[in-house]
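Given next are the chains, with one letter for each unit.
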Amino acid sequence: MSKLWGGRFTKKTDQLVEEYTASILFDKELAEEDIQGSLAHVTMLGKCGILPLDDVEKIKDGLHKVQNVIRRGEMEFSVSDEDIHMNIEKALIDEVGPVGGKLHTGRSRNDQVATDMHLYLRKRVVEFVGLLNKLQDALIEQAKGNLDTIVPGYTHLQRAQPILFAHHLMAYVSMFQRDIERLQDSYKRINVLPLGAGALAGTTFPIDRHYVAQQLGFEGVYENSLDAVSDRDFIIEFLSNASMIMMHLSRLSEEMVLWSSTEFRFVELDDAFCTGSSIMPQKKNPDVPELVRGKTGRVYGNLFGLLTVLKSLPLAYNKDMQEDKEGMFDTVRTLQGALQLFAPMVSTMKVNKDRMRQAVNQDFSNATDIADYLVNKGLPFRQAHEVIGKTVLYCIQNQKFLLDLKLEEYHQFSKLFEQDIYDVLQPEQVVNARNVYGGTATNQVSEAIARAEAVKDQTNEWFEQFFNKSR
């Protein structure tokens, strides 16, 4: 078949130009969405009397046959046919004859490809909400099992105050909840139909865009045809959300790498998620979190790449916009792989409670509580801060910790110290003293877990509601 647009040209396209401008090598990933959109489009053409119903049925039957060929992996995609749209149309014409050429009535590849990407991202967003929900499940279950596990909390990667390990894990549950909510919010901007905008100005045929939207499960249609074919905000928003998710995964990855090191020994990752060394037989490398940490950069790159492509484009469609797909597909694959691995890696992670407790007992992270103790005795906080600073310095110089000091030693720094200081310094007391909403006290963390599970149930309901709609 000659080029769809070949009538105006006197020469064949240079082979190098064909190879350089073709997108079929990557946009074939949109095959299912392209056929889904075409089926809705041709059904509308029949309903509106633009095509005879016999032609509509022949085209629909042919599209289903082409779809089955693609699903079996038997479709031979051709660079000379440029993109997924023309490859499918050529296969359709080969299947049903010239009537297949009527499918493109009332549409352009510009609104067609935009529709394909809306359909594609709609599925992926729902999928990622489900995967994030599973990761939250894994974190919450680990938190439930570690409500009695005390670990040093850090600022500046220096030990700061004792906290529950469950509290630390629940911080990531909160992060991923924000990611879920961002994806859910983006869904309404993805779930808008561009088809019917034509190349840029609409079409002369009496189409029914809202009927197509209804068939495909879109909540509405683009108000402006120029905007419909040139908008890639929904992809940028997805790439931004994906970057945020990867940033959160990368932060958790860094902690897992640290926690599993010999220096920390707080956790041990399951062998299924680690690899060994080709030369050092003792090694157990946390490759999965390291790779997630590393792949975060490529997701950021895809976001900035598309922002750069779009920053100077005039309305409406420009060939530059073909660059919107490879980064999107790469980000989907990267994020998908990370989320699929993270939930089971967290679930199977072994927590070394004894080592965490040992770390808490051998630091000065309970120093703030002594300052608060003196404040409660009437000493101004700034004076209490100075007293405890000198006390800690004394401990360091004498190779002791705060619980090792005798009462006589405490009296060197303040006569306000009494025997009850030893109760105040116990890690459990330090943790449970922070009994404020969002704090690390055991009852506060238990309540936070209960709230998170209630929200997670709502996310499950959203997922179930929109999963079928997005298909």
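Presented here is an overview of the structure given in this document. Throughout, a residue's number is its position along its own chain's written sequence, starting from 1. Predicted model: local features are reported for residues with pLDDT of at least 70 only, side-chain atom pairs are reported and counted for 80 or more only, and whole-chain, interface and lining totals are derived from all residues. Excluded from the side-chain calculations are hydrogens and water; all other atoms, namely the structure's heavy atoms, are used.

1. Details of the overall build of the chain
Helix and strand definitions follow DSSP, with helices as H or I runs of at least four residues and strands as E runs of at least two, each counted in order from the N terminus. Across its full length, the chain holds 19 helices and six strands. With the radius of gyration taken over C-alpha atoms, the globule rule is written as 2.2 Å times the number of residues to the power 0.38. The globule rule puts the C-alpha radius of gyration for 471 residues at 23 Å, and the 30 Å found for the chain is more than 25% above it. Here the chain holds 471 residues, and 50% of them are scored as buried. Summed over all atoms, the accessible surface of the chain reaches about 22,700 Å², with 52% contributed by carbon and sulfur. Residues counted as positive are Lys and Arg, residues counted as negative are Asp and Glu, and His and the chain ends are not counted. Here the site of a charge means NZ on Lys, CZ on Arg, CG on Asp, or CD on Glu. Charged side chains of the chain number 53 positive and 66 negative; the gap between the two group centres comes to 1 Å. Exposure categories follow from relative accessible area, calculated using a 1.4 Å probe and restricted to protein chains: below 20% of the type maximum is buried, above 50% is exposed, and the middle band is partly exposed. What sets the accessible areas is the Shrake-Rupley method with a 1.4 Å probe; for residues, cover comes only from the shown protein chains.

2. A word on the packing of aromatic side chains
A pair of Phe, Tyr and Trp rings is counted when the ring centres sit within 6.5 Å of each other, with Trp represented by its six-membered ring. The angle between the planes then sorts it: under 30 degrees is stacked, over 60 is edge-to-face, the rest tilted. What the rule picks out here adds up to 15 aromatic pairs. Between Tyr 187 and Phe 466, the aromatic rings sit 4.8 Å apart at their centres with planes inclined by 70 degrees, giving edge-to-face as the arrangement. Of this pair, Tyr 187 sits in helix H7 (residues 165-190) while Phe 466 sits in helix H19 (residues 442-469), and the two are 279 residues apart along the sequence. Of the residues examined, Phe 466 reaches a relative accessible area of 14% and is grouped as buried. Plain terms: the ring middles of Tyr 410 and Phe 417 are 4.8 Å apart, the flat faces sit at 45 degrees to each other, and that makes the pair tilted. Relative accessible area serves as the criterion here: at 1%, Phe 417 is assigned to the buried category. Among the aromatic residues, those joined into a ring-pair cluster are Tyr 373, Tyr 410, Phe 417 and Tyr 422.

3. Quick notes on the nonpolar core
Buried residues of nine kinds, namely Ala, Val, Leu, Ile, Met, Phe, Trp, Tyr and Cys, make up a nonpolar core once their side-chain atoms join them within 4.5 Å. Counting residues in each nonpolar core, the largest one holds 115 residues, and the members touching the most others are Leu 139, Leu 249, Leu 339 and Phe 342. Ranked by residues supplied to this core, first place goes to helix H6 (residues 109-144) with 16 residues. It only takes one pair of heavy atoms within 4.5 Å for two residues to be counted as in contact. If near-sequence neighbours (up to four positions away) are discounted, Phe 342 is found in contact with Leu 135, Leu 249, Leu 252, Ser 253, Met 256 and Val 292.

4. A look at the pattern of salt bridges
A pair is scored as a salt bridge if a Lys or Arg side-chain nitrogen falls within 4 Å of a carboxyl oxygen belonging to Asp or Glu. For the coordinates displayed, the defined rule picks out 32 salt bridges. When the shortest N-O distance is used, the salt bridge between Arg 71 and Glu 32 registers 2.6 Å. Residue Arg 71 is located in helix H4 (residues 53-71), and its partner Glu 32 is located in helix H3 (residues 31-47); the two are separated by 39 residues in the primary sequence. Given the relative accessible area of 55%, Arg 71 is considered exposed. With its nearest N and O atoms 2.6 Å apart, the salt bridge here joins Lys 144 to Glu 453. Linking Lys 144 in helix H6 with Glu 453 in helix H19, this pair joins segments that are 309 residues apart in sequence. Look at Lys 144 and you get partly exposed, because its relative accessible area is 37%. Glu 453 sits in the partly exposed class, given a relative accessible area of 25%. Through salt bridges that share partners, Asp 185, Lys 188, Arg 189 and Glu 237 make up one connected network.

5. Regarding the pairing of strand S2 (residues 158-164)
Note: two strands are recorded as paired if DSSP finds a minimum of 2 bridges between them. Two elements, strand S1 (residues 150-155) and S2, share six bridges in a ladder whose sense is antiparallel. When the bridges of S2 are listed, Thr 155 appears paired with Gln 158. Linking S1 to S2, which pair antiparallel, is a turn of two residues; within it His 156 sits at a positive phi near 60 degrees.

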